[in-house]
Amino acid sequence: MTATVIDGKAFAANVRSQVAEHVAVLKADHGITPGLAVVLVGEDPASQVYVRSKGKQTVEVGMNSFEHKLDADTSEADLLALIDQLNKDPAVHGILVQLPLPGHLNSDLVINSIDPAKDVDGFHISNVGLLGTGQKSMVPCTPLGCLMMLRDHHGSLSGMNAVVLGRSNIVGKPMAQLLLGDSCTVTIAHSRTKDLPDVVRGADIVVAAVGRPQMVPGDWIKPGATVIDVGINRIDAPEKGEGKTRLVGDVDYDSCAAVAGAITPVPGGVGPMTIACLLANTLTACCRANGLAEPEGLTA
Ligand code: GUN
């Protein structure tokens, strides 16, 4: 079998155009423009790239983008004061504090100071608890993007065996909660899991989010299974020339694609969905804040 390639780039473009349509209606019918505030502390180059990309895409869908760039030595008190100001600002519907934060700042404290209704990352402890108890919440963007693609491909996920590789708070744990919410039988596997290949071989859905390049070979994949690769790893690519690199996922694409029923590529799979879902979450937060119906198909 050769797997269907799930085109995350096209899927994300479709999500963004749906968000843009809703934003246009909010503006025209209600005089409301959704606003997303992104806070970046320090000069981490990868974070700067992400933040620029978020700001650009926010404006492209017609939303207001508020960027706050703070020095790497900003005090916790100053950062908390900014978040308090953003929590109170009615023009701001979503707040994202870019992670990782410099070491002297307590990430948990900072994230939990965001108004949960504006926590478009879904990292606030209230949103984690709401998701875990099956209540309406803000859902972390990357797992939400994975769920959207899985629902689109399969329709119902009910009764499917899902294995999530990785137990991070940002991807693995919320992904497992979302799959459970869609009535999958869910296993969270991690570095201490025994007989990992056999565990993965039982899965109709594999979500790989471990951050280890090409860790999952094709002979771990059940024929016809759906493979969602969250990994983005840069490896040496001497075949492209000396000193060259390339991006690969957490699964070995070629061998997995030969066995799977469907697979997301890297790049161009899950990656583009993360920012698209951030915009969808900002729209959702804006609709909730204004007592308006939530956009269909853009939430969990
Ligand atoms: N850093 C890398 N990914 C993310 C993300 O999804 N949200 C935040 N806040 N920081 C990140």
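Reading guide: rules and limits
- Per-chain numbering applies: the sequence of each chain, read as written, is numbered from 1 onward.
- Local features in this predicted model are restricted to residues of pLDDT 70 or higher, and side-chain atom pairs are both shown and tallied only at a pLDDT of 80 or more, whereas totals for entire chains, interfaces and linings draw on every residue.
- Only hydrogens and water are set aside; all other atoms, that is, all heavy atoms of the structure, feed into the side-chain values.
- Should a side-chain nitrogen of Lys or Arg be within 4 Å of a carboxyl oxygen of Asp or Glu, the pair is scored as a salt bridge.
- Here a strand is any run of E in DSSP of at least two residues, a helix any run of H or I of at least four, and the numbering for each starts at the N terminus.
- Note on classification: 1.4 Å probe, protein chains only; a residue is buried when its accessible area is under 20% of the maximum for its type, exposed when over 50%, partly exposed between these limits.
- Among buried residues, those of type Ala, Val, Leu, Ile, Met, Phe, Trp, Tyr and Cys that are joined through side-chain atoms within 4.5 Å constitute a nonpolar core.
- Throughout, a residue-residue contact means that at least one pair of heavy atoms, one from each residue, lies within 4.5 Å.
- When at least one non-hydrogen atom of a residue lies within 4 Å of a molecule or strand, that residue is treated as near it.
- Polar contact is defined as a pair of N or O atoms within 3.5 Å, subject to the rule that within protein one atom must be able to donate a hydrogen and the other to accept it, and that residues adjacent in sequence are counted only when both atoms are side-chain atoms.
- Only the protein chains shown count as cover for residues, and all accessible areas are computed by the Shrake-Rupley method using a 1.4 Å probe.
- Lys, Arg, Asp and Glu make up the charged group, whereas Ala, Val, Leu, Ile, Met, Phe, Trp, Tyr, Cys and Pro make up the nonpolar group; the residues left over, Gly among them, are polar.
- If DSSP finds at least two bridges between two strands, the strands pair.
- An axis is simply a line fitted to the C-alpha atoms; with a helix, the fit covers only the stretch in contact. Between two such axes, the angle follows the N-to-C directions and lies from 0 to 180 degrees.
- Multiplying one less than the number of residues by 1.5 Å gives the expected span of a helix.

**As for the pattern of salt bridges**
So, step 1. Scanning the entire structure with this criterion turns up nine salt bridges.
So, step 2. Between Glu294 and Lys136 there is a salt bridge whose closest N-O contact spans 3.0 Å. Of this pair, Glu294 sits in the segment after helix H10 (271-289) while Lys136 sits in the loop between helix H5 (125-132) and helix H6 (141-154), and the two are 158 residues apart along the sequence.
So, step 3. We classify Glu294 as partly exposed; its relative accessible area is 24%.
So, step 4. The class of Lys136 is exposed, set by a relative accessible area of 58%.

**Focus: the nonpolar core**
So, step 1. Core analysis: the biggest nonpolar cluster contains 54 residues, and Val19 and Leu179 have the highest contact counts within it.
So, step 2. Elements supplying a minimum of two residues to this core: helix H1 (8-30), strand E2 (35-41), H6, strand E5 (161-165), helix H7 (172-181), strand E7 (205-208) and H10.
So, step 3. With residues up to four places along the chain from it excluded, the contact list for Val19 reads Val61, Met63, Leu279, Ala280, Leu283 and Leu298.
So, step 4. Formed by 20 residues, the second largest nonpolar core is a distinct cluster that contains Ala3, Trp220, Ala225 and Val251.

**Description of the site of the ligand**
So, step 1. In the vicinity of the ligand, the residues found are Leu96, Val97, Gln98, Leu99, Asp121 and Phe123.
So, step 2. Measuring from a nitrogen atom of the ligand, one finds a side-chain N or O atom of Asp121 at 2.6 Å.
So, step 3. In the complex, 79% of the free accessible area of the ligand, which totals 280 Å², lies under the protein chains.
So, step 4. Residues of the shell around the ligand, tallied by class, amount to four nonpolar, one polar and one charged.

**Looking at the sheet that holds strand E3 (residues 64-70)**
So, step 1. Strand order in the open sheet formed by three strands is E3-E2-E4, and the pairing between neighbours is parallel. Each edge of the open sheet is held by one strand with a lone partner, namely E3 and strand E4 (94-97). The sheet shows a mean angle of 15° between the axes of neighbouring strands, taken without regard to direction.
So, step 2. Of the pairings in the sheet, the one linking E2 to E3 comprises seven bridges and is parallel in character. Bridge assignment links Gly35 to a residue of E3, and that residue is Asn64.
So, step 3. Strands E2, E3 and E4 of the sheet are contacted by helix H3 (residues 76-88), whose axis makes an angle of about 180° with E2.

**Quick notes on helix H2 (residues 45-60)**
So, step 1. Here H2 contains 16 residues, and its C-alpha end-to-end distance of 23 Å stays within 8% of the 22 Å for a straight helix at 1.5 Å per residue.
So, step 2. Within H2 the residues assigned to the buried category are Ser47, Val51, Lys54, Gly55, Gln57 and Thr58.
So, step 3. Of the residues one or two after H2, Gly62 is the one with positive phi, at around 95°.

**Thoughts on the sheet that holds strand E8 (residues 226-229)**
So, step 1. Strand order in this open sheet of six strands is E1-E11-E8-E7-E5-E6, and the pairing throughout is parallel. With partners counted over all chains shown, the strands left at the sheet margins are strand E1 (4-5) and strand E6 (185-189), one partner each.
So, step 2. The pairing of E8 with strand E11 (residues 262-263) spans two bridges and is parallel. In the strand pairing of E11, Val227 is matched with Ile263.
So, step 3. Where H6 meets the sheet, it contacts E1, E7, E8 and E11, and its direction lies at approximately 160° from that of E8.
So, step 4. Relative to the sheet, H7 contacts E5, E6 and E7, its axis offset from that of E5 by approximately 170°.

**Concerning the side chain of Thr264**
So, step 1. Assignment of secondary structure puts Thr264 in the loop between E11 and H10.
So, step 2. Excluding its chain neighbours within four sequence positions, the residues that come into contact with Thr264 are Ile6, Met149, Val227, Ile228, Asp229, Tyr253, Gly269 and Val270.

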